[in-house]
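# Structural overview
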Amino acid sequence: MEKAREAPEKIDLPCGESVTHRTAPEKVDALTQEILDLKRELNAVILAHNYQVPEIQDLADYVGDSLGLSQQAARAQADVIVFCGVRFMAETAKILNPEKLVLLPDMEAGCSLEESCPAEDLAAFQARNPNFYTIAYINCSAAVKALSDVICTSGNAARIVAAAPEDRDLLFVPDANLGGWAMEKTGRKMTLWDGVCYVHVEWTYNALQAIKKEHPDARVVAHPECVRSVRELADEVCSTEGMIAYCKRSPAKAFVVATEPGMIHRLKKECPDKVFIPAPTERCACNECRYMKLNTLEKLRDCMRRQAPRIELEPDLIERARKPIDRMLEITARAAASTR
Ligand code: 13P
Ligand code: SF4
């Protein structure tokens, strides 16, 4: 029997900071069982992002990137969607499937990209520049989605940018690095919002060069939220799900991974015979996303017990935010059908 709730295990990081987000190992099995029982009682589906802690990934019904998670949320049949990721992802699930109860274990799970683009600032910019066609990375608030023409994820950004109308000026919000990468891939010029992922900009050219020297046979995979000099050093730049596909099909045996280290658990599971080396940053080797890591097994269990915190959005906002997401899903589905 599990004891009354204890303080979560404290982990000391090489940078001198400490985090307390992990579940003590001896509690994992009992908590997992409790969550699976609650899942049956509620008729729930558990969706988890690739950066979630291993113990959450291991019990989820689906683990993937933002694109895969939004596709899963759109087609979910369960009564309840329990979203183990950050708030903008859970909001997207609610927008795509508004009849469902959508739970998020910790409502504080934000995103530095979302914070960098307040809807009022975007609305003011659009009022000054009415010719802009706005492409928004899915890492933004529902209010920003509602002001946008189309949404993209890291998994389809180049495709979405390539499909934008030729006769309009393009504005890409909020990630300047993903937007820059999409410009390089498509040749389309865009005005970029000045936002960054605080996690991915920590990887530098020097840190990547140093680890490449240590592992000369390893391939480097980087997320497009990394800065250009890091992207240029990488053998493959792609979404987190793209990393799984690339590492599976590559003949290489070792990979340096420049994205949030939660990714390593999934990579090891999918490619058990390969070696994955988390890319070091210059300041701290373990560059975890503080928002993604707010979710723990305890909070997951508690949110299912209480059926809260839940995502609540005004119907009018859902309607407006849904249009650009549907446009993204249509473009992506058309492209997938044409390659079959
Ligand atoms: P992916 O869609 O590639 O998983 O990226 C989400 C994210 O937040 C990256 O930091
Ligand atoms: Fe946002 Fe960066 Fe965390 Fe992804 S890793 S959720 S982009 S802060």
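Residues numbered from 1 in each chain as written. Chains lettered and ligands numbered in written order. Predicted model: local features only at pLDDT ≥ 70, side-chain atom pairs only at ≥ 80, totals over all residues. Heavy atoms only, no water.

Here we take up the pairing of strand β14 (residues 275-278). Working note: regular strand, side chains alternate between the two faces of the sheet. Looking at chain direction, strand β13 (residues 254-258) and β14 are connected through 4 bridges and run parallel. The residue of β14 that forms the bridge with Phe255 is Phe276. What joins β13 to β14 is helix α13 (residues 263-270), and the crossover it makes is right-handed. (Pairing = 2+ DSSP bridges. Helix = DSSP H or I, 4+ residues; strand = E, 2+ residues; numbered from the N terminus. Right-handed = clockwise from strand over helix to strand, strands pointing away.)

Moving on, we get to the sheet that holds strand β3 (residues 44-49). Taken together, 4 strands build an open sheet; the order of strands is β4-β3-β5-β6 and the sheet is parallel. Every other strand in the sheet has two partners, leaving β4 (62-64) and β6 (101-103) as the edge strands with one partner each. Across the sheet, the axes of successive neighbouring strands diverge by a mean angle of 20°, strand direction being ignored. Of the pairings in the sheet, the one linking β3 to strand β5 (residues 80-84) comprises 5 bridges and is parallel in character. Residue pairing across strands places Ala44 opposite Val80, the latter belonging to β5. (Axes fitted to C-alpha atoms, helices over the stretch in contact; angles between N-to-C directions.)

So, about the site of ligand 2. Around ligand 2 lies a shell formed by Tyr51, Cys111, Ser112, Leu113, Asn139, Cys197, Tyr198, Val199, Glu225, Cys289, Tyr291 and Met292. Here the shell around ligand 2 is built from residues that sort into 9 nonpolar, 2 polar and 1 charged. (Near = heavy atom within 4 Å. Nonpolar A, V, L, I, M, F, W, Y, C, P; charged D, E, K, R; others polar.)

For the rest of this paragraph, the subject is the pattern of salt bridges. Scanning the model with the defined rule gives 20 salt bridges in all. In this structure, the salt-bridge partner of Arg231 is Glu184, at a minimum N-O distance of 2.8 Å. Placement of Arg231 in helix α11 (residues 228-233) and of Glu184 in helix α9 (residues 176-186) is noted, with a sequence separation of 47 residues between them. Exposure remark for Arg231: the relative accessible area of 7% places this residue in the buried category. You can call Glu184 partly exposed: its relative accessible area is 39%. (Salt bridge = Lys/Arg side-chain N within 4 Å of Asp/Glu carboxyl O. Buried < 20%, exposed > 50% of the residue type's maximum accessible area, 1.4 Å probe, protein only.)

Taken together, His49, Tyr51, Asp65, Ser66, Tyr137, Asn139, Ser154, His200, His223, Glu225, Ser239 and Thr240 make up the full set of residues adjacent to ligand 1. Between an oxygen atom of ligand 1 and a side-chain N or O atom of His49, the distance comes to 2.6 Å. Asn139 places a polar side-chain atom, nitrogen or oxygen, 3.2 Å from an oxygen atom of ligand 1. In isolation ligand 1 has 300 Å² of accessible area, and contact with the protein removes 96% of it. (Polar contact = N/O pair within 3.5 Å; in protein donor to acceptor, adjacent residues only side chain to side chain. Areas by Shrake-Rupley, 256 points an atom, 1.4 Å probe, with all protein chains shown as cover.)

Within β13, 5 of the 5 residues are buried, which leaves the element mostly enclosed by the surrounding structure. Neither face of β13 is open: one carries Ala254, Val256 and Ala258, the other Phe255 and Val257, and all of them are buried. Summarising the sheet, strand β11 (residues 219-222) and β13 pair through 4 bridges and their orientation is parallel. The residue of β13 that forms the bridge with Arg219 is Phe255.

This part takes up the packing of helix α4 (residues 87-96) against helix α15 (residues 315-339). To characterise two packed helices, one gives the angle between the axes of the helices and the distance between these axes. Axis separation between α4 and α15 bottoms out at 9 Å; the angle between their running directions is 95°. By the angle between their directions, the pair α4 and α15 is classed as roughly perpendicular. For the pair formed by α4 and α15, the contact residues are Thr92, Lys94, Ile95 and Leu96 on the first element and Ile318, Ala321, Arg322, Ile325, Asp326 and Leu329 on the second. Looking at the contact of α4 with α15 residue by residue, the classes come out as 6 nonpolar, 1 polar and 3 charged. (Parallel < 35°, antiparallel > 145°, perpendicular 65-115°, else oblique. Contact = heavy atoms within 4.5 Å.)

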